[in-house]
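# Tertiary structure, described
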Amino acid sequence: MNALEAVVLGTVQGLTEFLPISSTAHLRIVPAFFDWEDPGAAFTAVTQLGTMAAVLIYFRGDLGRIALAWARGLRDPEIRRTLDSRLGWYIGLGTIPIGLMGFAFQHQIETGARNLWVIGSALIVLGLALLYAERKATLKRDVDDIGPRDAAIIGCAQACALIPGVSRSGSTMTAGLLTGLTREAAARYSFLLSIPAVVLSGLLELRKIGEDGGAGTGATVIATILAFGVGYASIAGLLKFLVRHSTMVFVAYRVALGSLVLSLVASGVIAATP
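In this report, the structure presented in the accompanying data block is examined.

What counts and how
Residues numbered from 1 in each chain as written. Predicted model: local features only at pLDDT ≥ 70, side-chain atom pairs only at ≥ 80, totals over all residues. Heavy atoms only, no water. Core = buried A, V, L, I, M, F, W, Y, C linked by side-chain atoms within 4.5 Å. Buried < 20%, exposed > 50% of the residue type's maximum accessible area, 1.4 Å probe, protein only. Helix = DSSP H or I, 4+ residues; strand = E, 2+ residues; numbered from the N terminus. Contact = heavy atoms within 4.5 Å. Lys, Arg positive; Asp, Glu negative; His and termini not counted. Salt bridge = Lys/Arg side-chain N within 4 Å of Asp/Glu carboxyl O. Axes fitted to C-alpha atoms, helices over the stretch in contact; angles between N-to-C directions. Parallel < 35°, antiparallel > 145°, perpendicular 65-115°, else oblique. Left-handed = near helix turned anticlockwise from the far one by under 90°. Nonpolar A, V, L, I, M, F, W, Y, C, P; charged D, E, K, R; others polar.

## A word on the nonpolar core
Residues Val55, Phe59, Tyr189, Phe191 and Ile235 are the most contacted members of the largest nonpolar core, which totals 34 residues. Among the elements that make up this core, the one with the highest residue count is helix 11 (residues 183-205) (nine residues). Beyond its immediate stretch of four places on either side in the chain, Phe191 contacts Phe18, Val55, Phe59, Ile235, Leu238 and Leu239.

## With respect to the side chain of Arg28
Among the secondary structure elements, Arg28 is positioned in helix 2 (residues 23-34). Put simply, Arg28 is tucked away with no salt bridge, and the nearest opposite charge, on Asp38, sits 4.3 Å away. Those residues in contact with Arg28, other than ones at most four positions away along the chain, are Asp38, Arg114, Leu116, Ile119, Ala271, Ala272, Thr273 and Pro274.

## Observations regarding the packing of helix 9 (residues 148-160) against helix 10 (residues 168-178)
Two numbers describe how helix 9 lies on helix 10: the axes approach to 8 Å, and their chain directions differ by 150°. With respect to helix 10, the axis of helix 9 lies roughly antiparallel. Of the two elements, helix 9 crosses helix 10, and the hand of that crossing is right-handed. Across from Ile153, Ile154, Ala157 and Gln158 in helix 9, the residues of helix 10 making contact are Arg168, Ser171, Thr172, Ala175 and Gly176. The residue inventory of the contact of helix 9 with helix 10, partitioned by class, reads four nonpolar, four polar and one charged.

## Things to note about the environment of Ser267
Relative to the helices and strands, Ser267 resides in the segment after helix 13 (248-266). Given a relative accessible area of 51%, Ser267 falls into the exposed group. For the pair Ser267 and Ala54, spaced 213 residues apart in sequence, the C-alpha to C-alpha distance is 39 Å.

Here it is in structure tokens:
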């Protein structure tokens, strides 16, 4: 991977990580469109550390309160009933499904699941699921209304994002809308829930950077830094957008991109496998 590819893919990662359109899919599709080498699952996981750093900084106040309340709640039942303490437990609960599924299907995720037939289909299917959620959403609940059942449902939805093209933010926001959360609340909780899974995944994949057949260390560093900067701006932009707008623009984009990918693969213009 040269510097230009690193710049493009780092920017793509930052733009798409928090939008419900699948950053993993775009890091597979963009190289396919430009006839570049597939950067691989390890590159994707490590560059996500850049966007997770953006989440940590953007939500540093919330995260500090949650961590402190959770720790204090271990000894004090009164504090355990506060929203921040409960969110700490809910984030942990919601991380279990993706941890178990990621461990069980690691090989398939890094190989066969990167097939463009899978990615194109997943883009369309989750897009239609998000459309359904928009039409059924009551938009009456906020983050402080989240309970254990909601945490489990949204956590299971996050595990579906192990399939490239599904989108972690897309699946969790879809589940959040179906549980009655407002769009902004669903997005905010989605960001917080993503931290343990993405950080652990990125750290585990660090050892593979620089291996034969993957992106080099220098290119990965460039892409990760860019992903951080662009990702920070994307968080603020999406939260402001969802206050007044629905996710229908993302539904249309997903279906259109998925259809284009499947058409190009079917016609032989791009290869389905790396």
